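These are the residues of each chain, in order.
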Amino acid sequence: QAQLVESGGGLVQTGASLSLSCAAVGRTFSGGIMGWFRQAPGAEREFVGLITFTSGSAIYGDSVKGRFTISQDKGANTIYLRMTNLKPEDTAVYYCAAAPSPWAVAFMTGNVDYWGQGTQVTVSS
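Residues numbered from 1 in each chain as written. Predicted model: local features only at pLDDT ≥ 70, side-chain atom pairs only at ≥ 80, totals over all residues. Heavy atoms only, no water.

K.L.:
Tell me what's going on with the overall build of the chain, and back it up with residues and numbers.
P.N.:
Tallying secondary structure elements over the chain gives one helix and eleven strands in all. Starting at the N terminus, the α and β elements of the chain follow one another as β-β-β-β-β-β-β-β-β-α-β-β. Taken over the C-alpha trace, the chain has a radius of gyration of 13 Å; the compact-globule value for 125 residues is 14 Å, and the two agree within 12%. Projecting the C-alpha coordinates of the chain onto the three principal axes gives extents of approximately 40 × 25 × 25 Å. Going through the 125 residues of the chain one by one, you find that 42% of them count as buried. Long-range pairs, those at least 24 residues apart, make up 58% of the contacts in the chain with a sequence separation of at least 6. Total accessible area on the chain stands at roughly 6,000 Å², and carbon and sulfur atoms take up 50% of it. Put simply, the chain has 8 plus and 8 minus side-chain charges, and the middle of one group is 5 Å from the middle of the other. (Helix = DSSP H or I, 4+ residues; strand = E, 2+ residues; numbered from the N terminus. Rg over C-alpha atoms; globule rule 2.2 N^0.38 Å. Buried < 20%, exposed > 50% of the residue type's maximum accessible area, 1.4 Å probe, protein only. Contact = heavy atoms within 4.5 Å. Areas by Shrake-Rupley, 256 points an atom, 1.4 Å probe, with all protein chains shown as cover. Lys, Arg positive; Asp, Glu negative; His and termini not counted. Charge placed at Lys NZ, Arg CZ, Asp CG, Glu CD.)

Laid out in structure tokens, this is it:
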């Protein structure tokens, strides 16, 4: 059974940077997609970004474009989320997600096969 193991997160001030990582354990997603969602208290889950393992191309949600970057380490079955210029509205639980298929549109709507446990990111003003 595959698991997504997240690390990183924490409390930072506005304008700071922070990185998250997500390692896939138990299987690879070499032909699929891994990415990130987030959910703030009282809000719906929001798509943050994804990366396709075959091409390395990334897609980002509008609210994080230009500030967040997703990268991958294929050998380690790991993706990273580098967050810069953080804002209080970035405060949320961040979830890693993965799907073995390369269908980005489906992934962006939350149609994924695996979820991480979530990690809290808090940005103070």
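K.L.:
So what about the sheet that holds strand S3 (residues 18-25)? Which residues, and what values?
P.N.:
The strand order across the open sheet formed by four strands is S1-S3-S8-S7, and the pairing between neighbours is antiparallel. Each edge of the open sheet is held by one strand with a lone partner, namely strand S1 (3-8) and strand S7 (68-73). On average, each strand axis in the sheet is tilted by 20° relative to the strand beside it, whichever way the strands run. With six bridges joining them, S1 and S3 adopt antiparallel strand pairing. (Pairing = 2+ DSSP bridges. Axes fitted to C-alpha atoms, helices over the stretch in contact; angles between N-to-C directions.)

K.L.:
Can you lay out the nonpolar core for me, pointing to particular residues and giving the numbers?
P.N.:
Counting residues in each nonpolar core, the largest one holds 28 residues, and the members touching the most others are Leu4, Met34, Trp36, Leu81, Met83 and Tyr94. Counting residues per element, the ones that place at least two in this core are S3, strand S4 (33-39), strand S5 (46-52), S7, strand S8 (78-83), strand S9 (92-99) and strand S11 (119-124). For tyrosine 94, the contacting residues outside a window of four places in its chain are Glu6, Leu20, Trp36, Phe37, Arg38, Val48, Phe68, Leu81, Met83, Gly118, Thr119 and Val121. Within the second largest apolar cluster, nine residues are counted, among which are Phe47, Leu50, Ala99 and Phe107. (Core = buried A, V, L, I, M, F, W, Y, C linked by side-chain atoms within 4.5 Å.)

K.L.:
Give me the lowdown on the pairing of S9, citing residues and values where you can.
P.N.:
For S9, a buried count of six out of eight residues is recorded, marking the element as mostly surrounded by other parts of the structure. Looking at chain direction, S4 and S9 are connected through seven bridges and run antiparallel. Residue pairing for S9: methionine 34 is matched across the bridge by alanine 98. Here S9 pairs with S11 via three bridges, running antiparallel. Within S11, the residue paired with tyrosine 94 across the bridge is threonine 119. As judged from the two bridges shared by S9 and strand S10 (residues 114-115), these two strands associate in the antiparallel manner. When the bridges of S10 are listed, alanine 97 appears paired with tryptophan 115.

K.L.:
How would you sum up the state of the cysteines? Please name residues and give values.
P.N.:
Enumeration over the complete set of coordinates arrives at one disulfide. There is a disulfide in this structure between cysteine 22 and cysteine 96, and the S-S distance comes to 2.0 Å. Since a negative S-S torsion denotes a left-handed disulfide, the cysteine 22-cysteine 96 link at about -80° is left-handed. Linking cysteine 22 in strand S3 with cysteine 96 in strand S9, this pair joins segments that are 74 residues apart in sequence. The same class applies to cysteine 22 and to cysteine 96, which are both buried. (Disulfide = S-S within 2.5 Å.)

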